[in-house]
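# Observations on the model geometry
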Amino acid sequence: MNKDEDRVRLFCVIAAGSCLFAFLAWQVQSAGALFALDQSISGWLQAHRTPWFTQPLLVVTHWHSTPGILAMTLLIAAIAGYCKRWRDAAFAVTTIGGGMLLNLLLKQVFARSRPVFDAPLITPDGFSFPSGHAAGSMLLYGTLMLLLAGSRWRNLAVWLGTALVLVVASSRVYLGVHYLSDVVAGIAGALVWISVCWLTMGGPLKRVA
């Protein structure tokens, strides 16, 4: 695939992700039909929680909290720096760190209240839309997918990264701290940000061998 094809794909991701995010934001602000679906899904999950499934998801969700994402980002940057891949390190820090800050700003803009249940497993602070955990995991693993795109680890990075993003996003809805639209918006927004960073920074100078 040449650079022109890369750019076209990135522009398509930016356009599709932006449209999806805008639609979800509109539904959230207007309390449209999606709001009822959000509540229905969250209510059903809360009624069917089981301890053997809950405990692993608590571990997953805590591991992908903001401190966890930032710690893993610094680890990626440190490894890249040790390998003298300074542009990779800068790309990781800018993409993941900048994306987390953008997500925090969007939370303040939309100020959506979190789901409320009688027996919550977690009582987080802050607003609900878009999900910081979903965005953070997409930023982290999406960045890794790009950095490993030219290596023998490419397929593993794609499959494992995608699976982890889905597990993290699902855990937030299952644990009752986010609605489905929150996590989808978090992923969509993160994809847009990653694509913008890749376009503007030109990607790493070298691919991993």
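Below, the discussion takes up the layout of surface pockets. Considering only enclosed or pocket space, the largest pocket measures out at about 770 Å³ in volume. Lining the largest pocket we find 21 residues, and of these L10, M145, L146, A149 and R154 sit closest to its centre. Of all elements in the fold, only helix 1 (3-30), helix 6 (132-147), helix 7 (154-174) and helix 8 (180-201) reach the threshold of two or more residues within the lining of the largest pocket. With five residues, the single largest contributor to the lining of the largest pocket is helix 7. Class assignment of the residues belonging to the lining of the largest pocket gives a composition of twelve nonpolar, five polar and four charged. Estimated volume of the second largest pocket: approximately 330 Å³. Secondary structure elements with two or more residues in the lining of the second largest pocket: helix 4 (66-82), helix 5 (86-110) and helix 6. In terms of residue count, helix 5 provides more of the lining of the second largest pocket than any other element does, six residues in total. Taken together, the residues that form the lining of the second largest pocket break down as six nonpolar, seven polar and four charged.

A few words now on helix 3 (residues 51-63). In this model helix 3 runs 18 Å from its N-terminal to its C-terminal C-alpha over 13 residues, within 8% of the 18 Å that 1.5 Å per residue would give. Considered for burial, the residues of helix 3 that qualify are T54, L57, L58 and T61. Looking straight down helix 3, one finds that the buried residues subtend no more than 115 degrees of arc, so they occupy a single side. Opposite the buried face of helix 3, by more than 90 degrees, sit the exposed residues W52, V59 and W63. Where helix 3 is buried, its residues contact helix 6 and helix 7.

Further remarks concern the pattern of salt bridges. If charged atoms from side chains of opposite charge come close, those side chains can pair. A complete count under the given rule lists three salt bridges for this structure. In this structure, R112 engages D38 in a salt bridge whose closest nitrogen and oxygen atoms are separated by 3.1 Å. Here R112 is found in the loop between helix 5 and helix 6, whereas its partner D38 is found in helix 2 (residues 33-47), with 74 residues between them in sequence. Of the charged contacts, one joins R85 and D88 as a salt bridge, the two residues approaching to 2.6 Å between their closest N and O atoms. The class of R85 is buried, set by a relative accessible area of 18%. For D88, a relative accessible area of 5% gives the class buried. One salt-bridge network, in which partners are shared between bridges, spans D38, R112 and D182.

Reading the values: rules and limits
Residues numbered from 1 in each chain as written. Predicted model: local features only at pLDDT ≥ 70, side-chain atom pairs only at ≥ 80, totals over all residues. Heavy atoms only, no water. 1 Å grid on protein atoms, 1.4 Å probe; cavity = no way out; pocket = protein on both sides within 12 Å on 5 of 7 lines; lining within 4 Å. Points joined across faces, edges and corners; volume = space filled by probe spheres on them. Helix = DSSP H or I, 4+ residues; strand = E, 2+ residues; numbered from the N terminus. Nonpolar A, V, L, I, M, F, W, Y, C, P; charged D, E, K, R; others polar. Expected span 1.5 Å × (residues − 1). Buried < 20%, exposed > 50% of the residue type's maximum accessible area, 1.4 Å probe, protein only. Arc of directions from axis to C-beta. Contact = heavy atoms within 4.5 Å. Salt bridge = Lys/Arg side-chain N within 4 Å of Asp/Glu carboxyl O.

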